Amino acid sequence: MAGHRDLKFVTYPISQPDENGECLINWIADVKFDHHAEWNREDYNRKGKPEDFLPGFEDWKFDWLDIPSLIRNASAIFEFPMIDRDPLERWSFSKVTLLGDAAHAMYPIGSNGASQAIIDARVLGKYFRTLGCNETALKAYDEERRPVTNAVVLANRGDGPDQVLQVIEQRCGGRFDKVEDILSPVEMAKMAADYKKTAGFDVDILNNAPSILGKFDD
Ligand SMILES: Cc1cc2nc3c(=O)[nH]c(=O)nc-3n(C[C@H](O)[C@H](O)[C@H](O)COP(=O)(O)OP(=O)(O)OC[C@H]3O[C@@H](n4cnc5c(N)ncnc54)[C@H](O)[C@@H]3O)c2cc1C
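Starting afresh in each chain, residues are numbered from 1 along the sequence in its written order. Only residues with pLDDT of at least 70 get local features here, since the model is predicted, and only at 80 or more are side-chain atom pairs given and counted; chain-wide, interface and lining totals rely on the full set of residues. Note that the side-chain values use all heavy atoms of the structure and ignore hydrogens as well as water.

Asks: Could you give an account of the side chain of Gln166, naming the residues involved and the relevant values?
Replies: What counts as a helix is a DSSP run of H or I of at least four residues, what counts as a strand is a run of E of at least two, and both are numbered from the N terminus. Examined against the element boundaries, Gln166 turns out to sit in helix 6 (residues 163–172). Contacts between residues were defined by any pair of non-hydrogen atoms, one from each residue, lying within 4.5 Å. Ignoring any residue separated from it by four or fewer positions in sequence, one finds Gln166 in contact with His4 and Arg5.

Asks: A description of the packing of helix 4 (residues 113–131) against helix 5 (residues 135–157) should follow, citing residues and the corresponding values.
Replies: Contact geometry for helix 4 and helix 5: axes closest at 9 Å, N-to-C directions at 155°. As summarised for this structure, helix 4 and helix 5 are arranged roughly antiparallel, according to the angle between their axes. For the pair helix 4 and helix 5, the sense of crossing is right-handed. Contacts between helix 4 and helix 5 involve Gln116, Ile119, Asp120, Val123, Leu124, Lys126, Tyr127, Phe128 and Leu131 on the former and, on the latter, Thr136, Ala137, Leu138, Ala140, Tyr141, Glu144, Arg145, Thr149 and Val152. Taken together, the residues of the contact of helix 4 with helix 5 break down into eleven nonpolar, three polar and four charged. Axes, fitted as lines to C-alpha atoms, cover a helix only where it is in contact. Angles between the N-to-C directions of the axes lie from 0 to 180 degrees. For this classification, under 35 degrees means roughly parallel, over 145 means roughly antiparallel, 65 to 115 means roughly perpendicular, and everything else is oblique. Should the near helix be turned anticlockwise from the far one by less than a right angle, the crossing is termed left-handed; should it be turned clockwise, right-handed. Residues are sorted three ways: Asp, Glu, Lys and Arg are charged, Ala, Val, Leu, Ile, Met, Phe, Trp, Tyr, Cys and Pro are nonpolar, and all the rest, Gly among them, are polar.

Asks: Any details on the site of the ligand? Residues and values, ideally.
Replies: Each residue is tested against the molecule or strand, and it is near if at least one of its non-hydrogen atoms lies within 4 Å. Near the ligand you find Tyr44, Phe80, Gly100, Asp101, Pro108, Ser111, Asn112, Gly113, Ala114 and Ser115, and these make up its full shell. Within the backbone of Gly113, a nitrogen or oxygen atom sits 3.5 Å from a nitrogen atom of the ligand. The separation between an oxygen atom of the ligand and a polar main-chain atom of Ala114 is 2.9 Å. Protein coverage of the free-state accessible area of the ligand, which is 1000 Å², stands at 35%. At three residues, helix 4 tops the list of elements feeding residues into the shell around the ligand. The class makeup of the residues in the shell around the ligand is four nonpolar, five polar and one charged. Counting of polar contacts relies on pairs of N or O atoms within 3.5 Å, with two restrictions inside protein: one atom must be capable of donating a hydrogen and the other of accepting it, and residues adjacent in sequence are counted only when both atoms are side-chain atoms. Accessible areas in this description were obtained via Shrake-Rupley with a 1.4 Å probe; residue shielding takes into account the shown protein chains only.

Asks: Can you lay out the sheet that holds strand 1 (residues 2–4) for me, pointing to particular residues and giving the numbers?
Replies: What the three strands build is an open sheet, ordered 1-2-3; its pairing is antiparallel. Only two strands of the sheet have a single partner each, and these edge strands are strand 1 and strand 3 (25–31). Between one strand axis and the next, the sheet turns through 20° on average, direction left out of account. Only strands joined by at least two bridges in the DSSP assignment are considered to pair. Pairing analysis gives three bridges linking strand 1 to strand 2 (residues 7–13), with the strands arranged antiparallel. Of the residues in strand 2, the one forming a bridge with Ala2 is Phe9.

Right, dumping it as structure tokens:
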């Protein structure tokens, strides 16, 4: 990850290295536009155009990574608007409820949209098992999951775990020799831990929690 809230680049390998030591790479170039910029907000998976965002990264050539070259050599580029929805006050209405993005569309930061949708499904399953497939179960599911996921929506709006980049940017304009001189490992660990707690991914809490769905006899 490099950059800050207004201009950020995230990249990681998504395959094992081949015989030449090369991997398939996924990258995300995150650019903030003016709020009034013409923007097709609701449309996902459009073909992206490098000229829309490459200029911002043109001089991001490090001795360990050449970002403009990574962008120019991409086999495919897709564009996603970074949008979310305000937290809702209610998900369950009579025999209908919401789950996943329909219930809590969030900024895709912190690998949480799909993860939270999966937890929604498990909690809904828990209440179907314990209360039956009825409106009471939908209400109990709503009451348990909505506050938790609403907190993640708001945390992601504040940049979620990526806020470390912005703090470093504010402290030194992004220029440093050792990042630990700017943000101590303790501060860094605390920011990561706070977000994990909000998202329910604190390792100790998770490891000590019982299975959401409970035990199955067969
Ligand atoms: C750039 C980006 C990166 C992301 N990275 C991550 C990540 O690393 N980790 C993570 O956990 N999440 C990530 N997410 C979020 C994740 O993709 C979503 O949270 C997740 O896909 C939501 O799943 P869903 O099933 O609720 O909704 P969707 O995936 O939107 O599924 C809804 C489905 O319903 C269909 N549909 C809509 N209307 C109708 C209709 N009337 N009839 C029938 N079908 C209909 C749609 O076509 C779609 O297939 C990312 C999102 C983006 C945009």
